[in-house]
Structure formats: C-alpha cells, structure tokens
Amino acid sequence: MPVIEASDVSKSFGATTVLQGVSLNVEEGEFFGLFGPNGAGKTTLLRVLTGQLMQDTGTVFTAGVPNTEPIRLKQRVGIVPEAETPPTFLTAQETLELTCMIRGLDDVQSRIERWVRFFDLKEKRDILCRDLSKGERQKVMLAAAFIHEPKLLLLDEPFINLDPIYQRRVREYLQGVAVEGRTVFMCTHILEIAERLCDTVAVIHRGRIVEQGRLADISRGGDLEEVFLRAVEGGAVA
Amino acid sequence: MGQSLSLRLFKAMMKEEWRLHQSLVGPLGSGLFPAMIFVFTAFLAVVTPLLLSRMPTATILLMLHAASVAYGLFVGNFGSIGEHVMTRRLGQVSMVMQMPQTYPVSFRRMMAVFYAKDAVFYLLYSYIPLTLGIAVAAPMAGASFTGVAMLGLTTFLAFMVGMGLSFTLSAVSVRSRMAGLSLYMVLTGVVAMIHPMGIIGPECLMPSLGYWASKNPQGIGVSVAASIILASMGVTLMKEKYEIRQSRYSDSLLGVDRLLGFMGGLSTLVAKEWIEVRRSGALGPVVFSFSGHLLAVYLMSWVFERGVGVDLGFNVVFYSGFVGFMGVMTYSFITNLEHNEYLNVQPVSVDQVVKGKLAVYFALTAGVTALYVVGLGAVKHQMGLVPLGLLLAAATSVYVVGVTSYLTGLWTNTMFFDAGIILKFCVAVVPPLIVAEIAALIMPIMPAATYAVVAVSVILLLASVPILRGLERKWADASFSFVNTGQ
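Residues numbered from 1 in each chain as written. Chains lettered and ligands numbered in written order. Predicted model: local features only at pLDDT ≥ 70, side-chain atom pairs only at ≥ 80, totals over all residues.

1. Things to note about the overall build of chain A
Definition in use: By the criteria applied, helices consist of DSSP H or I runs no shorter than four residues and strands consist of E runs no shorter than two, each listed in order from the N terminus. The exposure label follows from counting other C-beta atoms within 10 Å of a residue's C-beta, where the C-beta atoms are placed from the backbone and the thresholds are 20 or more for buried and 12 or fewer for exposed, leaving partly exposed in between. Contact between two residues is assigned when their C-beta atoms, built from the backbone, lie within 7 Å.
For chain A, the count of helices and strands is nine helices and 10 strands. Seen along its three principal axes, the alpha-carbon backbone of chain A occupies a region of about 50 × 35 × 35 Å. Burial statistics for chain A: of 238 residues in total, 50% are counted as buried. Sequence separation of 24 or more characterises 65% of the internal contacts of chain A that already satisfy a separation of 6 or more.

Written out as structure tokens, the structure is:
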C-alpha cells in the first residue's frame with residue numbers, strides 16, 4: 001500500500017517551472033531515495049509532499065492524508081527540512097519539549113532523554129539553539145523529527161553537517177526504521193550513503209522524474225553514481 | 001579600487017532592498033507605497049491649515065522636524081544588527097550584509113554602505129513623495145515651491161540626524177551596555193533641557209530647524225555636518241569581530257505552559273512566545289516603547305496647547321482612543337523577534353502562532369493601558385471618565401491590532417509597505433476611530449455623545465470577533481517562510 005502517492009504534480013514560481021508532471025508512489029516499509037542535481041526540484045517536491053507548499057496541478061496523498069490538509073499530514077509524519085532552523089530563543093531541551101507538546105505526546109521526558117543520549121546533547125541541552133553549531137542544530141532537527149516515531153519520515157539532506165560518527169549512527173537508526181516496516185523518504189547528494197540504504201530510488205532532473213525503480217533493477221550492475229549520471233546526462237555514461 | 005567596491009556594494013544593496021520589497025508585496029504594492037505617501041501628504045497639506053488655522057507656523061515646523069528625528073531614531077537602530085549578521089542568527093535570510101563572514105571586505109565598510117543605502121532609500125521612498133505632496137498644497141497656502149523644497153530638505157536632514165544618533169547609540173551599546181545606557185541618558189537629558197525645561201532651543205537637536213528662524217543656511221550646514229559626523233562615529237564604533245556566546249537557560253517552557261493551562265490548546269505557543277520576548281531582550285523595549293508612544297501623544301498635545309495658548313479640551317476618553325494605533329507598533333515589534341521557520345515542519349499553522357502573539361501583546365499592553373488611562377484621569381482630574389476611557393482603549397486595542405494581525409499575519413513590518421494593505425487598514429480603522437474621537441471631544445458640550453463612544457466601543461468589540469475568527473481562514477495555509485520566499 002503506498003504511503004506517498006503523487007500524481008501528475010506540477011509547480012511553478014512565476015515563470016519558472018520547478019516540477020512538471022511528477023508522479024511517484026512510495027510503498028510502506030520502503031527506504032526511498034530521491035536524487036537530482038542542484039535546482040532539480042528535490043526540495044520543492046519534498047515541500048509539496050509534506051503540505052508545506054501547494055502544487056499548481058495534480059494530487060498528493062502522504063500517509064493517507066491529502067496535502068491540502070497540512071496539519072493532519074504533519075501530525076502523522078516526521079520531517080527534516082533542508083535548513084537547520086530550530087527556534088532561536090529556545091534551548092535544545094525546550095525545542096524537543098515544544099515538539100512533544102505540539103504533537104500531544106506523552107512520556108515527554110523519557111522521549112527527550114532517549115534522543116539527547118542518542119545525539120550526545122546532554123551538555124548542550126540548556127544552550128539556546130541560536131548558539132549551537134550547525135551540526136548540533138541539525139541534531140536537534142533530527143531528534144525533533146524522530147521523537148514521535150512516525151510511520152513515515154521525510155528527510156531533506158539528513159546527514160548534512162553531521163560528523164562521520166553521527167552520520168553512521170543516523171544511518172543505522174534509519175535502517176532500523178525500515179526494518180520495522182516504517183517508511184523513509186530521503187533527498188540526499190551523498191550517493192555512497194544512499195546506495196547503502198535505499199531500496200527504491202528516483203532521479204529528478206529539471207522538474208521531471210527521469211528514472212525510477214528498485215535500485216537493483218535500474219543499476220544494471222553499475223552503481224548509483226552511474227544511474228544518476230545516466231539519467232541526468234541522457235546516457236553519457238552508460 | 002576601494003571606492004568602486006563600495007559603489008558596487010551600494011548598488012547591490014539597493015537592488016536587494018527593492019527586490020525584497022517586490023518579493024513581499026509585489027511590484028505594484030511596492031511602487032504604490034511612495035504614491036500613497038504623496039497622496040496622503042497632499043491631502044493633509046491641504047486640510048491641515050484649514051483645521052489648524054490658529055496654529056503658529058513655528059509649531060507646525062517644530063512638529064514636522066521632531067517627527068522626522070523620531071522617524072530617523074526608529075530607522076537607524078541597526079548598529080546592533082552586526083552581532084546577528086556575524087553570528088549567523090538570521091535564519092535562512094541571506095543578504096549582501098553577510099559578505100564579511102566569508103569575503104575580504106570589512107564589516108565597517110559594509111555598514112557604511114548599508115547606512116548610505118538606507119539614507120537614499122528613505123529619501124526616495126518617503127521624503128521626496130512627502131515633499132511633492134506638500135508642494136500640491138503650496139499654492140493654496142501661499143507658500144513658494146522653493147520654501148516647500150527647503151522644508152523637504154530640512155526635514156530630511158532632521159531624519160538624518162535622528163538616524164545618525166540612533167546608529168551611533170546602537171553601535172556604542174553593542175560595545176558596552178553601560179556606555180550605551182549613559183549616552184541614552186545624556187540624550188534624554190538634552191531632550192528634557194529642550195522640553196519641558198526650556199533651557200536650550202530645539203535647534204540644538206534639530207539644527208536644520210534653525211534655518212526657518214532666520215533663513216540662515218548655517219543650520220543646514222550644521223545638520224549636514226552632524227549627519228556625517230554621527231554616521232562616521234557609528235561606522236568607526238562598529239565591532240569587526242563578534243564572539244559567539246553560548247547562552248544557557250534553565251528549562252522554562254513546561255513551567256510557563258502549565259501556568260497558561262487555562263488557555264487550552266494555545267498555551268504551548270503562548271509559552272513559546274513569552275519566552276522569546278523575555279530572552280530576546282524585547283520585554284523592556286516593548287513595554288517602554290508602547291508607554292512612550294502613548295505619552296508622546298499626550299506630550300504633543302501639551303506642546304501644542306502651550307504653543308497656541310489655548311486649552312484643546314482633550315479629555316481622558318480622547319487619549320484612550322489612541323491605544324489601538326500605538327498597539328500596532330507593539331504587535332509589529334513582537335512579530336519581528338523570531339523567523340518561526342522551524343514550525344513549517346510541525347503540525348502548527350500560522351494563524352495559531354498569530355493568536356499566540358496576540359495573547360502576548362494583550363498581556364504586555366493591558367496593564368500599561370490601564371495605568372495610562374487611570375494616570376491621565378488623575379492628572380486631568382477626570383476620574384469619572386476613566387471607565388469609559390478603559391472601555392474605548394480596550395475596544396480600539398482589540399479591534400485595531402486584530403485588523404493588523406488579520407491583514408499582515410506574522411509580517412506586519414514588511415506587509416505595511418504594501419499600499420493595498422495600508423489602504424485596507426485605513427478603511428477599516430480610521431472611520432470608527434474618527435467617530436469615537438469626535439464623540440469624545442464633544443462630550444463636555446453634548447453629553448449624549450457619551451452614548452456614541454459606548455456604541456463605537458461595543459461595535460468595535462463585536463466586529464473584532466469575526467476578524468479574529470477569520471485569522472484561521474486567512475492564514476491557515478500560509479508558510480512560515482512567507483517572508484523569505486514570498487509564498
């Protein structure tokens with residue numbers, strides 16, 4: 001059963017068309033990777049899928065909710081945005097508390113403890129988010145997306161600014177999420193990590209999905225870099 | 001090389017400023033703003049002499065120049081922005097100003113260019129349309145076009161002095177809070193020496209005003225020199241390096257949320273807003289600026305009464321009607337504290353945060369409003385009018401700030417540059433306030449006008465209900481990144 005169903009989605013900003021007739025399905029329990037060159041439309045698509053932005057045409061259902069109901073949709077999923085922008089004047093601890101309270105979660109402190117331990121934020125939990133490093137802010141954003149253990153995670157460059165230790169820790173956590181039958185939708189440029197994680201991939205280029213399928217099927221014995229270059233450069237590598 | 005770099009930076013900043021306005025309010029809204037200033041000023045310039053025929057020219061000039069200094073003081077407070085720019089606290093906003101972080105250009109040069117850009121921008125966007133507006137009324141008032149041009153020049157120079165003062169004060173405050181506070185006290189002392197002590201003339205703070213006493217261009221020269229000296233001082237005092245401090249706070253969110261439990265589903269967001277106001281250091285400035293603006297209304301009429309030598313008969317109820325207008329600035333201040341981009345990925349909508357900010361606005365201003373009305377009642381020996389004043393103050397505050405939040409959401413400061421929004425605001429707010437103020441003024445000679453004040457207050461309160469309810473419909477689908485992306 002698809003947890004993400006996007007059908008013929010198009011989006012323009014003024015005269016610039018960013019998405020053109022994008023259709024994709026992501027099945028429950030899949031680890032789905034979306035790749036594409038800079039400016040291909042990855043972040044816009046993720047924002048449309050999560051109800052942060054409305055498409056001009058087409059329909060989107062995410063976690064069984066149309067993206068025209070963004071609050072209900074966001075209640076059901078965890079999102080890591082492109083930029084790490086936790087609240088300026090709240091501490092890391094308070095940011096996670098705010099997230100729990102907005103989502104109406106119970107066991108607030110035990111949930112926070114888990115993620116503070118996971119990201120080693122104990123010494124940083126009472127520092128204002130504005131004063132944290134970029135990596136620490138990214139950890140807060142990831143913890144806030146994971147804290148309610150959603151059935152579907154939508155992540156835009158989740159490994160950015162993380163050092164190799166935490167990249168590995170997050171990677172292992174996400175693998176566990178997929179093993180549990182939950183779904184991960186990830187946009188990333190780091191093809192090596194994606195290759196290790198994703199079952200299914202799609203390549204977006206100039207607002208269109210130019211390649212989509214199970215990684216094993218579309219790689220034709222090659223690696224993800226070749227799939228990516230072939231799709232984007234129109235067979236220059238293949 | 002150096003000059004050409006500054007010129008290039010200046011051009012880049014001008015383009016940035018213009019495009020920022022366009023992205024927020026559209027090319028039409030952006031272009032209409034100076035047109036609206038022109039029309040509004042022309043209207044006032046035609047009507048004011050008829051209404052205030054007894055007011056001496058000197059008083060009108062004093063008020064115009066004082067307002068320009070105040071405008072400059074408000075605009076020039078960007079000396080403190082350096083810390084935010086250099087310690088990456090502007091969220092996703094990326095501006096030319098941030099180049100010194102990564103490029104071989106000094107922050108002082110950047111601030112000097114920014115200062116020049118703001119001066120030119122406000123000249124083009126405010127003072128030229130304002131001068132042209134006054135020029136329309138010149139033939140009717142028997143004034144020469146040269147005189148109007150000189151008025152435009154002297155008021156702009158008053159603006160520049162205010163901007164320079166504010167810029168220097170904020171640059172000093174970033175280096176040393178104590179030194180900044182001392183300078184603020186010196187400035188307050190100078191203002192007090194002008195009024196009410198009357199030891200020195202207002203020309204000491206507004207040299208360009210001196211031109212009108214004797215038509216001696218010396219005042220203009222002094223103003224130009226003062227503007228340049230103050231701007232140079234501000235630039236020189238700017239810090240090049242900022243340390244990233246790590247501010248630690250004990251957990252407050254849960255405690256405040258519990259205290260606000262009576263607010264139901266809104267308590268968490270109100271708690272967040274309240275903590276942001278406190279930790280951003282805005283609590284004092286918000287309360288003081290709100291009370292300062294209210295007192296300024298009273299002081300201006302006091303100056304006028306002294307200048308003209310007649311009792312205008314402004315009573316407590318009349319002054320109470322201004323609370324809503326002053327509240328707009330306070331609400332705008334509160335909406336500027338945080339970018340809220342984080343909430344884009346949480347199940348929260350813009351209207352909920354607007355409601356949270358409104359709750360904080362009312363919490364911050366209710367006590368000050370009550371003190372103001374009761375205090376005026378005591379000073380003017382009109383305690384009997386205090387209940388009516390409180391009713392009108394509450395009604396205008398709820399209604400005017402409600403309209404503001406409906407029209408501008410979380411982006412009041414920038415959305416008010418949209419002529420269409422300003423027009424809607426004026427249509428919704430000005431007529432009922434004029435009725436209430438006229439009724440308040442004629443109460444002593446026509447007691448039945450009291451009922452008009454009560455009726456307007458009740459109508460404003462009732463009208464506020466659908467406006468506040470409409471926040472959800474208006475803002476539920478907006479993005480918290482609206483200011484950055486225009487979406």
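That covers the picture; the talk isn't over yet.
2. Details of helix H4 (residues 108-118) of chain A
One turn of the α-helix equals 3.6 residues, which is why residues spaced by three or four share an orientation. Residue and element names in this part refer to chain A. We apply this condition: As used here, the arc belongs to the directions running from the helix axis to the C-beta atoms.
Residues Arg111, Ile112 and Val116 constitute the buried set of H4. Axial view of H4: buried residues confined to an arc of 130°, hence all on one face. Those residues of H4 that are exposed and angled more than 90 degrees off the buried face are Ser110 and Arg117. Those residues of H4 that are buried lie in contact with helix H3 (92-102).

3. Describing the sheet that holds strand S8 (residues 183-187) of chain A
The strands making up a sheet associate through hydrogen bonds between their backbones, and the pairing can be parallel or antiparallel. Residue and element names in this part refer to chain A. Which entries qualify depends on this criterion: A pair of strands is considered paired only if DSSP assigns at least 2 bridges between the two. Here an axis means a line fitted to C-alpha atoms, over the contact stretch when the element is a helix, while the angle between two N-to-C directions is reported on a 0 to 180 degree scale.
Read from one edge of the open sheet, six strands run S6-S7-S8-S3-S9-S10, paired in mixed fashion. Both outer strands of the open sheet, strand S6 (77-80) and strand S10 (208-214), are each paired with one neighbouring strand and no more. Direction aside, the axes of adjacent strands within the sheet are offset by 15° on average. The sheet contact formed by strand S3 (residues 31-35) and strand S9 (residues 200-205) spans four bridges and is parallel. From the neighbouring strand, phenylalanine 35 faces S9, where its bridge partner is valine 203. In this fold helix H5 (residues 134-146) packs onto S6 and strand S7 (152-156), with an angle of close to 170° to the strand it touches most, S6.

4. A look at the interface of chain A and chain B
Taken together, the contact between chain A and chain B spans 28 residues of the former and 32 residues of the latter. Mapped onto the side of chain A that touches chain B, the elements with two or more residues apiece are helix H2 (70-76) and H3 of chain A.

5. So, the pairing of S3 of chain A
All names here are of chain A. Here S3 lies mainly inside the structure; five of its five residues are buried. Residues Phe31, Gly33 and Phe35 line one face of S3 and the alternating positions Phe32 and Leu34 line the opposite face, and both faces are buried. The sheet contact formed by S3 and S8 spans four bridges and is parallel. Across the sheet, residue phenylalanine 32 finds its bridge partner in S8, namely phenylalanine 185.

6. Digging into helix H6 (residues 164-179) of chain A
All names here are of chain A. Quick reminder of the rule: An expected span of 1.5 Å times one less than the residue number is assigned to each helix.
Taking 1.5 Å of rise per residue, 16 residues should cover 22 Å, and H6 covers 22 Å from first to last C-alpha, within 8% of that figure. The complete set of buried residues in H6 reads Val170, Leu174 and Val177. Buried positions in H6, seen along its axis, are confined to an arc of 50° and lie on one side of it. Turned more than 90 degrees off the buried face of H6, the exposed positions are Pro164, Ile165, Glu172, Gly176 and Val179. Among the structural elements, H5, S7, S8 and helix H7 (191-197) are those in contact with the buried residues of H6. The first or second residue beyond H6 is glycine 181, which carries a positive phi of 95°.

7. Observations concerning the sheet that holds strand S4 (residues 57-62) of chain A
As summarised here, the arrangement of the four strands in space is S2-S1-S4-S5 (chain A), forming an open sheet in which the pairing is antiparallel. Strand pairing shows two members of the sheet lacking a second neighbour, strand S2 (16-27) and strand S5 (65-66) of chain A, which therefore form its edges.

8. Section: the nonpolar core
Side chains that are nonpolar tend, in soluble globular proteins, to be buried together. To keep things clear, this is the line we draw: The term nonpolar core refers to a set of buried Ala, Val, Leu, Ile, Met, Phe, Trp, Tyr and Cys residues connected through C-beta atoms within 7 Å. Segment limits for the domains were obtained from an automatic or database-derived domain assignment.
Ranked by size, the top nonpolar core spans 184 residues in total, and within it Leu153, Leu154, Val184 and Phe185 of chain A together with Val317 of chain B carry the most contacts. Each of domain 1 (1-245) and domain 2 (252-487) of chain B accounts for three or more of the residues forming this core. Residues within four places of leucine 154 of chain A in sequence aside, it is in contact with Leu46, Leu49, Thr50, Val77, Ile79 and Phe185 of chain A.

9. With respect to the packing of helix H10 (residues 267-279) of chain B against helix H14 (residues 350-379) of chain B
Residue and element names in this part refer to chain B. Heads up, the rule is: When describing relative orientation, an angle under 35 degrees is termed roughly parallel and one over 145 degrees roughly antiparallel, while 65 to 115 degrees is termed roughly perpendicular and anything else oblique. In this scheme, a crossing is called left-handed if the near helix is turned counterclockwise away from the far one by less than a right angle; it is called right-handed if the turn is clockwise. Asp, Glu, Lys and Arg are counted as charged, while Ala, Val, Leu, Ile, Met, Phe, Trp, Tyr, Cys and Pro are counted as nonpolar; the rest, among them Gly, fall into the polar class.
Running from N to C, H10 and H14 point in directions that differ by 55°, and their axes come no closer than 8 Å. When the axis of H10 is compared with that of H14, the two are oblique. Once H10 is placed against H14, the crossing between them reads as right-handed. Seen from H10, the contacting residues are Leu269, Val270, Lys272, Glu273, Trp274 and Val277; seen from H14, they are Gln352, Val353, Gly356, Lys357, Ala359 and Val360. Class assignment of the residues belonging to the contact of H10 with H14 gives a composition of seven nonpolar, two polar and three charged.

10. Observations concerning the confidence of the model for chain B
Put simply, the rule reads: On a range of 0 to 100, pLDDT expresses the predictor's confidence in each residue.
Considering every residue of chain B, the mean pLDDT works out to 85; 89% of them sit at 70 or more. Reported confidences for the modelled complex are a pTM of 0.78 and an ipTM of 0.89.

11. Here we look at the pairing of S8 of chain A
Residues and elements named next belong to chain A. Heads up, the rule is: Whether a crossover is right-handed comes down to one check: with the strands pointing away from the viewer, does the path from the first strand over the helix to the second run clockwise; if it does, it is right-handed.
When you tally the buried positions in S8, you get five out of five residues, the bulk of the element. A two-sided burial pattern is seen for S8, the buried positions comprising Thr183, Phe185 and Cys187 on one face and Val184 and Met186 on the other. In this sheet, S8 lies alongside S7 in parallel orientation, the contact comprising five bridges. Across the sheet, the residue bridging to leucine 152 is threonine 183, located in S8. Assessed by its sense of winding, the connection that carries the chain from S7 through H6 to S8 is right-handed.

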